[in-house]
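Residues per chain are reported as follows:
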Amino acid sequence: MMMTVEQVLAAQKANMETLLGLTSKAFESVEKIVELNMAASKAALAESGENAKAMLSVKDAQELLALQSGLMQPLAEKTAAYSRHLYEIASGTTSEFTKAMESQAAQAQQQFTGMLDSASKNAPAGSEAAVAVMKSAVAAATNALESVQKAVKQATDVAESNFTAMTNTAANVTKSATKKR
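Residues numbered from 1 in each chain as written. Predicted model: local features only at pLDDT ≥ 70, side-chain atom pairs only at ≥ 80, totals over all residues. Heavy atoms only, no water.

**Let's talk about the overall build of the protein chain**
Across its full length, the protein chain carries three helices and zero strands. From first element to last, N terminus to C terminus, the protein chain shows the α and β order α-α-α. Among the 181 residues that make up the protein chain, the fraction classed as buried is 13%. Intrachain contacts of the protein chain at a sequence separation of at least 6 include 76% that bridge at least 24 residues. Per element, the accessible surface of the protein chain, about 13200 Å² overall, is 64% carbon and sulfur. (Helix = DSSP H or I, 4+ residues; strand = E, 2+ residues; numbered from the N terminus. Buried < 20%, exposed > 50% of the residue type's maximum accessible area, 1.4 Å probe, protein only. Contact = heavy atoms within 4.5 Å. Areas by Shrake-Rupley, 256 points an atom, 1.4 Å probe, with all protein chains shown as cover.)

**Here's the deal with the pattern of salt bridges**
A side chain with one charge can pair with a side chain of the opposite charge if their charged atoms come near. Inspection of every chain in the model, using the stated rule, returns two salt bridges. The partner of Lys 25 in a salt bridge is Glu 28, and the shortest N-O contact between them spans 4.0 Å. Of this pair, Lys 25 and Glu 28 both sit in helix α1 (residues 5-56), three residues apart, roughly one helical turn. Judged by relative accessible area, Lys 25 falls into the buried class, the value being 17%. Residue class for Glu 28 comes out partly exposed when judged on its relative accessible area of 34%. Across the salt bridge formed by Glu 47 and Lys 78, the nearest N and O atoms sit 2.4 Å from each other. You can see Glu 47 sitting in helix α1 and its partner Lys 78 sitting in helix α2 (residues 61-121), a full 31 residues away along the chain. Classification of Glu 47 as partly exposed rests on a relative accessible area of 25%. (Salt bridge = Lys/Arg side-chain N within 4 Å of Asp/Glu carboxyl O.)

**Some points on the confidence of the model for the protein chain**
Regions with low pLDDT carry predicted coordinates that are not meant to be interpreted in detail. Of all residues in the protein chain, 87% attain a pLDDT of 70 or more, and the chain-wide mean is 79. The secondary-structure element of the protein chain with the lowest mean pLDDT is helix α3 (residues 128-180), recorded at 71, while α1 shows the highest, at 88. (pLDDT = per-residue confidence, 0-100.)

**A closer look at the side chain of Thr 93**
Residue position: Thr 93 is located in helix α2. For Thr 93, a relative accessible area of 13% puts it in the buried group. With near-sequence residues (within four places) excluded, Thr 93 lies in contact with Lys 25 and Ser 29.

**Observations regarding α1**
The terminal C-alpha atoms of α1 lie 76 Å apart, and with 52 residues this matches the ideal 76 Å at 1.5 Å per residue to within 8%. Taken together, the buried positions of α1 are occupied by Leu 22, Lys 25, Ser 29 and Leu 36. (Expected span 1.5 Å × (residues − 1).)

Have a look at this one:
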């Protein structure tokens, strides 16, 4: 069965609203990254000046080593914090895009299923087998899509936990190395 003009217009309007919302979200993410980079650059510039002054006031090699050692841990912690913040921005944006795509896929599937049901009710006698095959194919495609979505979610969760573990390990190694000096 064909979609009505109103249904087509409503679908196009919904798609346009989704596109505009995702575009807005992408720009928000870019703004957040620019703000993060500006803040990090300002902080790095200020710290570089302070560190240079501290280096110029060093009196011997032992004091220089202690100063360098003291600078390593904060640098590692700030790098880890920057990476975490950047990751949060990226994963938040990805999450928004994923939700929108899942919603659109669910809507399209619902519309297609409705059209298929309508077509099967109006199908000529003797076409029941063809309709059953079509419904079975739609169910199989739906199951496959759900499996892919679950696998992507699991992979994202594993990547996130690996990122967190790596960040924590790097910070701990830096702390240990700093304490040993």
